[in-house]
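Coordinate analysis (summary)
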Amino acid sequence: MPLFDWGDEYKVNVRELDAQHFKLVELVNNLDKAIIEGTEAGSVGTTLNGLLDYTAYHLIFEEKILKMYGYPEFEAHRREHDELSWKVLDLRSRYNSGDHVEPIEVLEFLTGWLKNHIMNSDKRYGTFLNQKGVF
């Protein structure tokens, strides 16, 4: 059973953003699988870096759309992304430099953040974008 079980409750009803969120969930679950299976550290590191890279890509993409359509809560939403980005950059830097960063720590942090962010922040922009004709 996957750590993060994707369901309709996580959809924001914007096709591309839902697809990106789903991809993030897959990457989280892949990292979880690599940790559980005890694959070599390089595999966990590669999976971790892929997850962090895609997270950065998604945040930039999402902000571009929100700004394009004049989302009224854009600045607050961007600040949430900025906080996540700084944390992700710190974790990546520590992991890549050989500092002690447990992949499970990253996994738990990103899973919790992603679930909370989608359910509380992203759901609000979904309705806004749908009203602008973006699906």
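Residues numbered from 1 in each chain as written. Predicted model: local features only at pLDDT ≥ 70, side-chain atom pairs only at ≥ 80, totals over all residues. Heavy atoms only, no water.

So, the overall build of the protein chain
The line we're drawing: Here a helix means four or more residues in a row that DSSP labels H or I, a strand means two or more in a row labelled E, and each is numbered from the N terminus. Our radius of gyration is a C-alpha quantity, and the globule rule it is checked against amounts to 2.2 Å times the number of residues to the power 0.38. In what follows, residue pairs with any heavy atoms lying within 4.5 Å of each other are defined as contacts. Here the Shrake-Rupley method, with its probe set to 1.4 Å, supplies the accessible areas, and only the displayed protein chains count as covering residues. Under this rule, positive means Lys or Arg and negative means Asp or Glu; His and the chain ends count for nothing. Throughout, a charge is located at the NZ atom of Lys, the CZ atom of Arg, the CG atom of Asp or the CD atom of Glu.
Looking only at helices and strands, one finds four helices and zero strands in the protein chain. In sequence order, the protein chain lays out its α and β elements as α-α-α-α. Since a compact globule built from 135 residues should have a radius of gyration of about 14 Å, the 15 Å found for the protein chain is in line with a globular shape. For the protein chain, the spread of C-alpha atoms along the principal axes amounts to about 45 × 30 × 20 Å. Across the protein chain, the fraction of contacts at a sequence separation of at least 24, relative to all contacts at a separation of at least 6, is 73%. Accessible area for the protein chain stands at about 7,500 Å²; split by element, carbon and sulfur atoms hold 53% of it. Side-chain charges of the protein chain comprise 15 positive and 23 negative groups, with the mean position of each set lying 7 Å from the other.

Considering the packing of helix α3 (residues 74–96) against helix α4 (residues 103–131)
Operational definition: In this analysis an axis means a line fitted to C-alpha atoms, helices contributing only their contacting stretch, and an angle means the value between N-to-C directions, from 0 to 180 degrees. Every angle not falling under 35 degrees, over 145, or within 65 to 115 is termed oblique; those three ranges are roughly parallel, roughly antiparallel and roughly perpendicular. Left-handed describes a crossing in which the near helix is turned anticlockwise from the far one by less than a right angle; the clockwise case is right-handed. By the convention adopted, Pro, Cys, Tyr, Trp, Phe, Met, Ile, Leu, Val and Ala count as nonpolar, Lys, Arg, Asp and Glu as charged, and the other residues, Gly among them, as polar.
At a minimum axis distance of 12 Å, the contact between α3 and α4 shows a crossing angle of 170°. Regarding the angle of α3 to α4, the classification is roughly antiparallel. Considering the relative orientation of α3 and α4, their crossing is left-handed. For the pair α3 and α4, the contacting residues are His77, Glu80, His81, Leu84, Lys87, Val88, Leu91, Arg94 and Tyr95 in the first and Pro103, Glu105, Val106, Phe109, Leu110, Trp113, His117, Ser121, Asp122 and Tyr125 in the second. Taken together, the residues that form the contact of α3 with α4 break down as 10 nonpolar, four polar and five charged.

What about the packing of aromatic side chains?
How we decide: Pairing of aromatic side chains here covers Phe, Tyr and the six-membered ring of Trp, requires ring centres within 6.5 Å, and sorts the geometry by plane angle: under 30 degrees stacked, over 60 edge-to-face, intermediate tilted. The classification of residues rests on relative accessible area computed with a 1.4 Å probe and restricted to protein chains. Under 20% of the type maximum is buried, over 50% is exposed, and intermediate values are partly exposed. Any Lys NZ or Arg CZ found within 6 Å of a ring centre and within 35 degrees of that ring's normal is scored as a charge over the ring.
If you walk through the whole model with that rule in mind, you get seven aromatic pairs. Judged by centre distance (5.0 Å) and plane angle (65°), the rings of phenylalanine 4 and tyrosine 10 are edge-to-face. Taken as a pair, phenylalanine 4 and tyrosine 10 share a single burial class, namely buried. Each member of the aromatic cluster is reached from another via a ring pair, and the members are Phe4, Trp6, Tyr10 and Phe22. Sitting over the face of the ring of phenylalanine 109, lysine 87 holds its NZ or CZ atom 5.4 Å from the ring centroid. One Lys or Arg, lysine 115, reaches over the ring of phenylalanine 4 and ends 5.0 Å from the middle of that ring.

Quick notes on the side chain of aspartate 18
Heads up, the condition is: For this document, the term salt bridge refers to a Lys or Arg side-chain nitrogen within 4 Å of an Asp or Glu carboxyl oxygen. For this analysis, a polar contact is any N or O atom pair within 3.5 Å, provided that within protein one partner can donate a hydrogen and the other can accept it, and provided that sequence-adjacent residues contribute only side-chain to side-chain pairs.
Its location among the elements puts aspartate 18 in helix α1 (residues 15–37). This buried residue, aspartate 18, is left without a salt bridge; lysine 11 holds the nearest opposite charge, at 5.9 Å. Reaching out from aspartate 18, the side chain makes a polar contact with the backbone nitrogen of asparagine 13 at a distance of 3.0 Å. Leave out the neighbours within four places in its chain, and aspartate 18 touches Trp6, Tyr10, Lys11, Val12 and Asn13.

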